[in-house]
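Commentary on secondary and tertiary structure
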Amino acid sequence: MKGVFDLYTARDTFLHRLDPRVKILAVLFLSLLGFIMTNLIPLFTLLCFIILLLYLTRSTFSKAYFALKFVLRLMVLITVLWPLFDQSGTPVLAALGPIKITEPAIWRGLTSAIRIGCLATVWYILMFTTTQRDLVRALVKMGLRYDFGLALAISLRFIPTFGFTIESIKDAQRARGLEFDKGSIIRRSKNYIAVLIPAVVYALRTAETLSLSLQSRAYGARKDRTYMREIRMRSSDLVSLVIVVLLFAIPAVAKFVFGAAI
Amino acid sequence: MTEDHSQGGPPVAQPPLAQAPQANFVSPKTVAIYGVLTALTAAITIITVIPFPPTKGYFNLGEAMVFFSALIFGWRAGAICGGVGSAIADVIIGYGYFAPITLTAKGVEGLVTGTIARLNGGKKWSSVLGIFCGGSCMVSIYFLAEVIILDTGIGYALSEMLTVNIPQVAIGGTLGFVLAHYVRKSIRLPK
Amino acid sequence: MIPKPGADRSKRMIEMDNVGFTYEAGVEALRSVSLKISSGEFLAIVGGNGSGKTTLAKLMNGLLRPSSGSIKISGAPAESQSIAELSKTVGYCFQNPDHQLFCTSVEDEVMFGPKNLGIGLEESRERMERALSLMGIFSLKTMSPFSLSLSERRRVTIASILAMTPQVMILDEPTTGLDADESSELMALIRKLNADGRTIILITHEMKLVAEHADRVIILSDGHILLDSDVRGAFSDLEILKASRLLPPPVTLLASRISSIGISRDLLTSDEFVFELSRRYGSR
């Protein structure tokens, strides 16, 4: 479970050095691009581009595998299930009673699966290369209220801690004869009461200590707080931002102004 | 590097603390509780993965935390902690593309549950009704978003709704209710 | 009635043969650990943080399964038994009571384990009452665990394991956070459990506890057994203690420092020290 909570891998690549705001915008624009594309070939090109960027993040194999295994399962599911529910088009390749499999439906399923692939993987360009601290700082810079940003930073900081606490609680209850992987779903879920209650109590106690420590460090004492480290846009960040915007704008204009099929 | 490491810099003239504009931040308790509930929602979503044998799918108990936050700390906590916590979990476990939808679906779920649960003086039945309405909102938002926005096809969206989301809401709702009931009864809550 | 576990010292409760354990992330926590623990022993497992103490203990009741080697619990191979089955023989009491208490009353909390093992209500109740009396907290029966002090909560967790009538009890740092009085009261109770014939395995890095209570000590360092001997033998070897980042009790250190004046260097308690001095100088 250890590597799961933080996808960031410390490297020194171009993507690591990029301003986190540019990366957030890039994820946004590339996602939008995935939405406006409807044809297989452009979407496939986009997927290849995203995978290339992911390769350039130089993340570890185990993290990449973890990130991609769910996506792959989902893509297969969509491809398989789509033709069963989409009965339109000819030629019909196979028919079983009222259900028929048509060729266009297969292509449409595949297209949709690849779009999901794009939307799912593009996130990891950001997650693999940006520390949680930079992420929150970028969001605050982009207009998130500082106090909400702080709450977000706290929550990111505590996810692994609570993860380990929950594992430890599970172990403690296992040692008292509770079995989590036996019995019906109802029974299994019920067993988790013995985990959720101590976890919630522990979390609320943590919150109490935390609020004291925030107060003792002059949280909210003045509005015009300063930052020791500022994020600043450099020229390479600006160039990257322009490229990302163009990557979205050119196909968008081609589609919506000139009616190109993409 | 994106960071400016210069330690000194030009001295910035700052008014003394007494004259400085006070920040209109939410209270430190709120920040702490929201942060912690969000983290717990995410952690529970990630860890408590229960296999669902009929479809070989999986579902999680993060839902219980969304309902719990809404029932105990009100609609705002339900919306923020439930929405953000579940969305973070999505990003971490590889459903990043779902994160905006999750943020909306679970946010609305927490909001609706928290609002309805406080009606009628917060009686037990308001909680039950709140969980039911909130859960229904969540299930419908997911279904519609999958069909309309993500375009996963009716087949996938339907199978997801029936095999994952509905059982998840039913079980999460029950657990969230029990949890809230228990915590209210036996623990002095930070307010 | 809880059947009293036989105090037959010849019975092997835990037998580990060449056990190794590597965590998923590739961290080798234990390597080639072999040990035998007999019934009725009071054993301490000590070592610095990260030395593998907890890993070793978790292997004993199936919370972790060995990557290599074999473990026998009361003669039977452990790998074929579930944690729930093993917990009937080896009870593991976790360090932090707040990681397991969740019921609305102490009695429910203590009956949780027996019920999980499929024991009927009547017998569960009997076991609960007996376990609570053994831990001296019978009067707290109907209280909510969350309203109790740390020392009381810790006793509740020990009682909740006791109610599953294990012959071996593993106690992970049972005195952390307790004051001197609470700590010695708890240790006295634990000794009583041992005198009744139960095998006690104490995980700790408080050497004073080890010196005062344990018969045998296993020193772990960096995932392997550095020393397995009786307590006196272990504390006379200051080099080994130092290598495993442990400090013997002050009185042992003092005896060792002034051993040149002719007193024994392996004294464990202040009583022994006084006795040795009076033996040597003939006055009080």
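Residues numbered from 1 in each chain as written. Chains lettered and ligands numbered in written order. Predicted model: local features only at pLDDT ≥ 70, side-chain atom pairs only at ≥ 80, totals over all residues. Heavy atoms only, no water.

1. Points about the overall build of chain A
This is how the line gets drawn: Helix and strand labels come from DSSP, where a helix needs a run of H or I of at least four residues and a strand needs a run of E of at least two; each type is numbered from the N terminus. For this measure, only C-alpha atoms enter the radius of gyration; the expected value for a globule follows 2.2 Å times N^0.38, where N is the number of residues. The buried label goes to any residue with under 20% of its type's maximum accessible area, the exposed label to any with over 50%, and the partly exposed label to all in between, with areas taken from a 1.4 Å probe on protein chains only. Note on contacts: a residue pair is in contact if any heavy atoms of the two residues lie within 4.5 Å. Note on areas: Shrake-Rupley, 1.4 Å probe, and residue coverage restricted to the protein chains presented here. When charges are counted, Lys and Arg are positive and Asp and Glu negative, with His and the chain ends excluded. Just so you know, the charge point we use is NZ for Lys, CZ for Arg, CG for Asp and CD for Glu.
When helices and strands are tallied, chain A shows 10 helices and 2 strands. When its helices and strands are written in sequence order, chain A yields α-α-α-α-β-β-α-α-α-α-α-α. Computed over its C-alpha atoms, the radius of gyration of chain A comes to 24 Å, more than 25% above the 18 Å expected for a compact globule of 262 residues. In terms of its C-alpha atoms, chain A occupies a principal-axis envelope of roughly 70 × 60 × 30 Å. Split into buried and exposed, the 262 residues of chain A put 50% on the buried side. Long-range contacts, defined as pairs at least 24 residues apart, comprise 73% of the intrachain contacts of chain A with a sequence gap of at least 6. Put simply, chain A shows about 12,800 Å² of open surface, and 69% of that area lies on carbon and sulfur atoms. Of the side-chain charges in chain A, 33 are positive and 15 negative, and the distance between the mean point of each set is 1 Å.

2. Side note on the pairing of strand β1 (residues 12-22) of chain C
In the case of a regular strand, side chains alternate between the two sheet surfaces. Residues and elements named next belong to chain C. Spelled out, the test is: Two strands qualify as a pair provided that DSSP identifies no fewer than 2 bridges between them.
Relative to strand β2 (residues 28-38), β1 runs antiparallel, the two sharing 7 bridges. From the neighbouring strand, M16 faces β2, where its bridge partner is L35. Joining the antiparallel neighbours β1 and β2 is a turn of 5 residues, in which G26 adopts a positive phi near 95°. Summarising the sheet, β1 and strand β4 (residues 68-73) pair through 5 bridges and their orientation is antiparallel. Looking at the pairing, D17 lines up with S70 of β4.

3. Remarks on the state of the cysteines
All names here are of chain C. Keep this limit in mind: In plain terms, two cysteine sulfur atoms within 2.5 Å form what is called a disulfide here.
A full pass over the atoms with the stated rule returns 0 disulfides over all chains. In this structure C103 is a free cysteine whose sulfur lies 15 Å from that of C93, the closest cysteine sulfur available. On the basis of relative accessible area, C103 is assigned to the buried category, the value being 11%.

4. A closer look at the sheet that holds strand β10 (residues 224-230) of chain C
All names here are of chain C. Rules: Only the stretch in contact is used when fitting a helix axis, every axis being a line fitted to C-alpha atoms; angles between N-to-C directions are given from 0 to 180 degrees.
Sheet architecture is open: 6 strands sit in the order β6-β7-β8-β3-β9-β10, paired in mixed fashion. Here the strands that pair on one side only, and so sit at the sheet edges, are β6 (90-93) and β10. On average, each strand axis in the sheet is inclined to that of its neighbour by 15°, with strand direction left out of account. As paired elements, strand β7 (residues 168-172) and strand β8 (residues 199-204) share 5 bridges and run parallel to each other. Note on β8: the bridge partner recorded for I170 is I201.

5. Structural notes on the pattern of salt bridges
Defined as follows: Throughout this description, the term salt bridge denotes a Lys or Arg side-chain nitrogen within 4 Å of a carboxyl oxygen of Asp or Glu.
Applying the stated criterion across every chain, the model contains 23 salt bridges over all chains. Between K58 of chain C and D171 of chain A there is a salt bridge, and its shortest N-O distance comes to 3.3 Å. One end of the pair, K58 of chain C, is in helix α1 (residues 53-60); the other, D171 of chain A, is in helix α7 (residues 146-174), on a second chain. Assigned by exposure class, K58 of chain C and D171 of chain A land together as buried.

6. What about the interface of chain C and chain A?
Keep this limit in mind: Buried area: the accessible surface (1.4 Å probe) lost by two parts on joining, summed over both. Throughout this description, a polar contact denotes any pair of N or O atoms lying within 3.5 Å of each other; where both atoms belong to protein, one of them has to be capable of donating a hydrogen while the other can accept it, and for residues adjacent in sequence the pair is counted only when both atoms sit in side chains. Nonpolar residues are Ala, Val, Leu, Ile, Met, Phe, Trp, Tyr, Cys and Pro. Charged residues are Asp, Glu, Lys and Arg, and all others, Gly as well, are polar.
Taken together, the contacts link 24 residues of chain C with 19 residues of chain A. Buried area between chain C and chain A, both sides added, is near 1,900 Å², and the carbon and sulfur share of it is 60%. Taken together, the links from chain C to chain A amount to 8 residue pairs in polar contact (both at pLDDT 80 or more). Residue contributions to the side of chain C that touches chain A peak at 4 residues, all from helix α3 (residues 106-116) of chain C. Taken together, the residues of the side of chain C that touches chain A sort by class into 12 nonpolar, 8 polar and 4 charged.

7. Section: the packing of helix α2 (residues 20-36) of chain A against helix α3 (residues 40-56) of chain A
Relative placement of two packed helices is described by the angle separating their axes and the distance separating the axes. Residue and element names in this part refer to chain A. Selection criterion: By the definition adopted for this analysis, an angle is roughly parallel if under 35 degrees, roughly antiparallel if over 145, roughly perpendicular if from 65 to 115, and oblique otherwise. Helix crossings get a hand from a simple test, with the near helix turned counterclockwise from the far one by less than a right angle marking a left-handed crossing and a clockwise turn marking a right-handed one.
Two numbers describe how α2 lies on α3: the axes approach to 10 Å, and their chain directions differ by 160°. Considered as vectors, α2 and α3 are oriented roughly antiparallel to each other. As for the relative orientation of α2 and α3, their crossing is left-handed in sense. For the pair formed by α2 and α3, the contact residues are L30, L33 and G34 on the first element and L43, L46, F49 and L53 on the second. Considering only residue class, the contact of α2 with α3 consists of 6 nonpolar, 1 polar and no charged.

8. Describing a nonpolar patch on the surface
All names here are of chain A. This is how it is decided: The patches reported here contain residues having more than 30% relative accessible area and no salt bridge. Joining distances are 9 Å for like charges and 5 Å for nonpolar side chains (Val, Leu, Ile, Met, Phe, Trp, Tyr).
A surface patch of nonpolar side chains, about 660 Å² in accessible area, is lined by F49, L52, Y55, L56, V239, I243 and L247. When contributions to the nonpolar patch are tallied by element, the ones reaching two or more residues are α3 and α10 (235-256). Mapping L247 onto the fold places it in helix α10. Overall, the relative accessible area of 32% leaves L247 in the partly exposed class.

9. So, the domain arrangement of chain A
Worth spelling out the cut-off: All domain edges in this entry derive from an automatic or database-based domain assignment.
You can read the domains of chain A as domain 1 (2-130 + 232-256) and domain 2 (145-216). Each of domain 1 of chain A and domain 2 of chain A has a C-alpha centre, and these two points are 33 Å apart.

10. What about the sheet that holds strand β5 (residues 76-77) of chain C?
In spatial order, the strands read β2-β1-β4-β5 (chain C); together these 4 strands make up an open sheet with antiparallel pairing. Either end of the sheet is taken by a strand with one partner, and the two such strands are β2 and β5 of chain C.

11. Some remarks on the nonpolar core
Just so we agree on the cut-off: Among buried residues, those of type Ala, Val, Leu, Ile, Met, Phe, Trp, Tyr and Cys that are joined through side-chain atoms within 4.5 Å constitute a nonpolar core.
The biggest cluster of nonpolar side chains holds 135 residues, and the ones touching the most others in it are I159 of chain A together with L40, F68 and Y97 of chain B. Considering every element that reaches this core, the biggest residue donor is helix α2 (residues 62-93) of chain B, with 15 residues. Both domains that furnish three or more residues to this core are identified here as domain 1 (2-130 + 232-256) and domain 2 (145-216) of chain A. Those residues in contact with L40 of chain B, other than ones at most four positions away along the chain, are F162, I166, A199, V200 and A203 of chain A together with M65 of chain B.

12. Concerning the pairing of strand β9 (residues 216-221) of chain C
Residues and elements named next belong to chain C. With 6 of 6 residues buried, β9 is to be regarded as a mostly interior element. Both faces of β9 are covered, namely the face carrying R216, I218 and L220 and the face carrying V217, I219 and S221. As judged from the 4 bridges shared by strand β3 (residues 42-46) and β9, these two strands associate in the parallel manner. From the neighbouring strand, I45 faces β9, where its bridge partner is I218. Sheet analysis places β9 next to β10, joined by 6 bridges and oriented antiparallel. When the bridges of β10 are listed, S221 appears paired with H224. Counted along the chain from β9 to the antiparallel partner β10, the turn is 2 residues long, and its residue D222 has a positive phi close to 55°.

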